[in-house]
Amino acid sequence: MARDFQEEFRESMNALHFREDVKDRMHNKLLLSQRESAERKEPIMKKWTFSRAAAAVAACIMITGITAFAASRIAYYTASSRADYEYKTASEMNTTDMPSVPEAFDNGFAFAGGNDVHVEGKDESGATAGKWTDLSVEYKNDSDQTITLSMTARPDAEETRKATETRTIEGFTVRFDRDEYLVLPDEDDELDANTKDRLEKDDHFFVSYGSEHAETVFYNGVSFEKDGILYYLYTADDISSDVLFGMAAELIR
Amino acid sequence: MPYMDSKNADRLIQTYADMILRISYMYLKQTYDAEDICQDVFLKLLSGNYHFDSPEHEKSWIIRTTVNACKDHLRTSFWKRAAEWDSVPEIPVTPEPKSELMDLVMELPRNYRISIYLHYYEGYQVKEIAAMFGKTENAVSTYLRRGRNKLRKMMEP
């Protein structure tokens, strides 16, 4: 390949580097992870960052308390949680001021495990603009199907899409969303016209990448707000909206 | 002595963070997730009991783990759905390299981009790239050859 290609390519790559303050932040986070893990004798926490947009639809969970930083506006979130279950029973989770979670639902889905999720809202400069602890709860049935319950006091988020279905239960509006993901192996494959058209028009259809072969994955979820908390029950298993609406009804009552 | 003491953390970040950023950019075509990818890789190193025979061995592990972390990131796109906001402030990200050449390189398929990066920037030979990812030398040679040919065609006036 021409020498000038290599030189120009190297020049472009050399220009791509983290700022020193970002490296300092990574350095501190790594040492904190090491220290926290050693002190609590717990597995290393995975820390991840996701955009505010993603956080609005992601599973964030119960609020134990929010530290208000009124002057700043949250631009994105960071969160950390253990990879294994932190709570082995619902009663372990129901020991604080949080709304209680059931040990089991009438339909046979029983508490499988729960986790703390430590969330920080960051403003544009990366400073902390809000901090709270959420919880995530998994329920399983005898067929090993899984439904995740998450609850969050969303500061300013709102689902703007039209729901697949809406029901009113005990005066609460419960929405059901069925989202379809077309997962493709390679982002460089051209999408066909139909797929592109659907992406434009169907806000319950998404394309993502990373599978070995093209596959379609469906997520069903119901959500509602009660007493300032957004409840969200969702699953990737073949579970009907009726089942999820039924579970929502139990939570409302 | 913990693997991740202050001195070692500093060494790993200064030696590899920018490389992880570049690989993430070549793989994901954006720099937004690079800090997460970096943290994933270093946390994996921290939580596993890894021993490397040489700096080259360590670097090779970091490259492979970075590519795997990028693949995982793509798979978890459920968490990355965009909701609509009235106004969303810009999230600070590492600026992407801006050049006509980079625009063309980023149009290439992912395997070509990664191979071109490892060969022309990191200096790895075909045999080494193939061994790193469990591919045949022929496959890697093909990625490089086709990548070069496509770039030549795209650069033609």
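The model shown is predicted, which means the values in this text are computed figures rather than measured ones.

Draft legend 1. Quick peek at the overall build of chain A. Helix and strand content of chain A: six helices and 11 strands. Counting across all 253 residues of chain A, residues that qualify as buried make up 51%. Within chain A, residue pairs in contact and separated by at least 24 positions form 67% of the contacts whose partners lie at least 6 positions apart. With the model as given, the accessible surface of chain A reaches about 12600 Å², and the carbon-plus-sulfur share is 46%.

Draft legend 2. Inspection of the pairing of strand β6 (residues 146–152) of chain A at higher detail. Residue and element names in this part refer to chain A. Among the seven residues that make up β6, seven are buried, leaving the element largely enclosed by the rest of the structure. Because side chains alternate across β6, one face comprises the buried residues T146, T148, S150 and T152, and the other comprises I147, L149 and M151, equally buried. Here β6 runs beside strand β11 (residues 229–235); their pairing, made up of five bridges, is antiparallel. Bridge pairing in β11 places M151 opposite Y231.

Draft legend 3. Up close: the pattern of salt bridges. Applying the stated criterion to the full structure yields 14 salt bridges over all chains. One salt bridge in this structure joins E35 of chain B and R25 of chain A, with 2.7 Å as the shortest N-O distance. Of this pair, E35 of chain B sits in helix α2 (residues 34–47) while R25 of chain A sits in helix α2 (residues 20–40), placing the two residues on different chains. Classification of E35 of chain B by relative accessible area gives buried; the value is 16%.

Draft legend 4. Quick peek at the pairing of strand β7 (residues 165–169) of chain A. All names here are of chain A. Judged from the five bridges that link them, β7 and strand β8 (residues 172–184) form a sheet pairing that is antiparallel. Paired with I169 across the strands is F172, a residue of β8. Connecting β7 to the antiparallel partner β8 that follows it, the hairpin turn spans two residues, and E170 within it adopts a positive phi of roughly 50 degrees.

Draft legend 5. Region of interest: a negative patch on the surface. On the surface, D4, E8 and E11 of chain A together with E100, D103 and E107 of chain B cluster together into a patch of negative charge. Among the elements of the structure, α1 (3–14) of chain A together with α4 (100–105) of chain B are those that each provide at least two residues to the negative patch. Considering every element that reaches the negative patch, the biggest residue donor is α1 of chain A, with three residues. Position of E107 of chain B among the secondary structure elements: in the loop between α4 and α5 (110–121). Among the residues examined, E107 of chain B registers a relative accessible area of 54% and is labelled exposed.

Draft legend 6. Summary view of the packing of aromatic side chains. One pass over the full model with this rule turns up 10 aromatic pairs over all chains. Ring centres 4.9 Å apart and planes at 75 degrees place the aromatic pair F105 of chain A and Y139 of chain A in the edge-to-face group. On the criterion of sequence distance, the pair formed by F105 of chain A in the loop between α4 (90–93) and β4 (110–122) and Y139 of chain A in strand β5 (residues 128–140) is long-range, its members being 34 residues apart. Since its relative accessible area comes to 4%, F105 of chain A is described here as buried. Overall, Y139 of chain A belongs to the buried group, its relative accessible area being 0%. Note on F224 of chain A and Y231 of chain A: the rings are 4.7 Å apart at their centroids and 5 degrees apart in plane angle, and the pair reads as stacked. Judged on exposure class, the residue F224 of chain A and its partner Y231 of chain A are both buried. The structure contains a cluster of three or more aromatic residues connected by ring pairs, namely F5 and F9 of chain A together with Y120 of chain B.

Draft legend 7. How the structure looks around helix α1 (residues 6–28) of chain B. Residue and element names in this part refer to chain B. The axis of α1 is deflected most strongly, by about 45 degrees, at Y16. A large share of α1 lies buried, amounting to 17 of its 23 residues. K29, located one to two residues past α1, shows a positive phi value of around 65 degrees.

About the cut-offs
- Residues numbered from 1 in each chain as written.
- Chains lettered and ligands numbered in written order.
- Predicted model: local features only at pLDDT ≥ 70, side-chain atom pairs only at ≥ 80, totals over all residues.
- Heavy atoms only, no water.
- Helix = DSSP H or I, 4+ residues; strand = E, 2+ residues; numbered from the N terminus.
- Buried < 20%, exposed > 50% of the residue type's maximum accessible area, 1.4 Å probe, protein only.
- Contact = heavy atoms within 4.5 Å.
- Areas by Shrake-Rupley, 256 points an atom, 1.4 Å probe, with all protein chains shown as cover.
- Pairing = 2+ DSSP bridges.
- Salt bridge = Lys/Arg side-chain N within 4 Å of Asp/Glu carboxyl O.
- Patch = residues over 30% accessible without salt bridge, like charges linked within 9 Å, V, L, I, M, F, W, Y side chains within 5 Å.
- Lys, Arg positive; Asp, Glu negative; His and termini not counted.
- Charge placed at Lys NZ, Arg CZ, Asp CG, Glu CD.
- Phe/Tyr/Trp six-rings, centres within 6.5 Å; stacked < 30°, edge-to-face > 60°.
- Bend = angle between axes of the 7 residues up to and from the residue.

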